[in-house]
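# Working through the structure, step by step
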Amino acid sequence: FDIETTGLNASFGRVLCAAIQFYGPEELVVLRADQYDAWKAGKRSDDSELVADILAALESADIIIAHNGVNFDTAFLRTRALIWNLPPVHPKKIVDPVHIARKVFRFHSNSLDSIASMLGTDFKKTPVAPQYWITALADGSKESLDYIVEHCIKDIYVLEEIAKKIMPYAKQIDSIGSWR
């Protein structure tokens with residue numbers, strides 16, 4: 001899974017979208033801020049329902065794979081949930097390619113884009129163009145949010161390719177997929 005936010009700090013930033021792929025591209029769930037009443041009413045600072053729906057979707061997963069998911073995605077969601085007085089986020093089994101890359105490999109950078117480039121993945125990330133994130137939240141631009149959602153989906157496809165290649169190095173999951 002991946003989320004896109006308006007900033008790196010959950011005190012000020014808001015969630016704009018999430019892409020959650022369960023077992024394949026046909027099971028891709030996309031949640032976007034402009035699907036919610038608060039956004040439609042011009043209250044784009046209220047991401048409470050979006051956060052609740054993302055957490056509910058993740059709750060159904062046994063294992064979560066998220067690039068920098070431990071230090072960013074899940075921490076950001078947990079903070080937003082706490083701010084909105086949502087129920088506590090249950091700890092999940094997270095495989096984080098950033099942690100694996102840092103412990104097992106010596107890439108020149110552990111970013112999703114860098115690892116994808118080194119591994120020659122078929123999918124490529126789109127550039128993070130700040131103007132889209134600014135106009136999505138500040139102006140409610142559908143075109144900008146469309147770009148952000150597409151960016152998030154592409155990140156999921158890149159992540160899927162990377163995960164397939166590095167899963168043999170995920171020590172917390174054994175050869176039959178059981179959590180240790």
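Above this text sits the structure in question.
Anyway, here's the lowdown on the structure attached to this text. (Residues numbered from 1 in each chain as written. Predicted model: local features only at pLDDT ≥ 70, side-chain atom pairs only at ≥ 80, totals over all residues. Heavy atoms only, no water.)

Take the packing of helix α5 (residues 112-119) against helix α7 (residues 142-166) next. Contact pair α5 / α7: the axes reach a minimum separation of 10 Å and the direction vectors enclose 55 degrees. As far as their axial angle goes, α7 and α5 are oblique. For α5 against α7, the interelement crossing comes out left-handed. Counted together, L112, I115, A116 and L119 of α5 and D155, V158, L159, I162 and K165 of α7 form the full contact between these two elements. (Axes fitted to C-alpha atoms, helices over the stretch in contact; angles between N-to-C directions. Helix = DSSP H or I, 4+ residues; strand = E, 2+ residues; numbered from the N terminus. Parallel < 35°, antiparallel > 145°, perpendicular 65-115°, else oblique. Left-handed = near helix turned anticlockwise from the far one by under 90°. Contact = heavy atoms within 4.5 Å.)

Our focus in this paragraph is the pattern of salt bridges. All chains considered together, the criterion is met by five salt bridges. Salt-bridge contacts for K142 lead to D146; the nearest nitrogen and oxygen are separated by 3.0 Å. Here K142 pairs with D146, and both are found in helix α7, just four residues apart, close to one helical turn. Take K142: its relative accessible area is 47%, and that puts it in the partly exposed class. A residue is classified by how much of its surface remains accessible, and D146, at 28% relative accessible area, is partly exposed. Residues E160 and K164 are paired through a salt bridge, measuring 3.6 Å at the closest nitrogen-oxygen approach. Here E160 and its partner K164 are both found in helix α7, four residues apart, which amounts to about one turn of the helix. Residue classification places E160 among the partly exposed residues on the basis of a relative accessible area of 22%. You can call K164 exposed: its relative accessible area is 62%. (Salt bridge = Lys/Arg side-chain N within 4 Å of Asp/Glu carboxyl O. Buried < 20%, exposed > 50% of the residue type's maximum accessible area, 1.4 Å probe, protein only.)

Another point: the nonpolar core. In this structure, F1, I3, I54 and L77 are the most contacted members of the largest nonpolar core, which totals 36 residues. Of all elements in the fold, only β2 (15-21), α2 (48-59), α3 (69-83), α6 (130-139) and α7 reach the threshold of two or more residues within this core. If you tally residues by element for this core, the top one is α7, at seven residues. Setting aside residues no more than four positions away along its own chain, I3 makes contact with C17, A18, I54, F72, D73, F76, L77 and C152. Counting eleven residues, the second-largest nonpolar core is a separate cluster that includes A116, V158, I162 and I166. (Core = buried A, V, L, I, M, F, W, Y, C linked by side-chain atoms within 4.5 Å.)

Another point: the side chain of D2. The topology assignment puts D2 in strand β1 (residues 2-5). The exposure class assigned to D2 is buried, which follows from its relative accessible area of 12%. Excluding anything up to four places from it in sequence, D2 contacts C17, A18, A19, D73, C152, D155 and I156.

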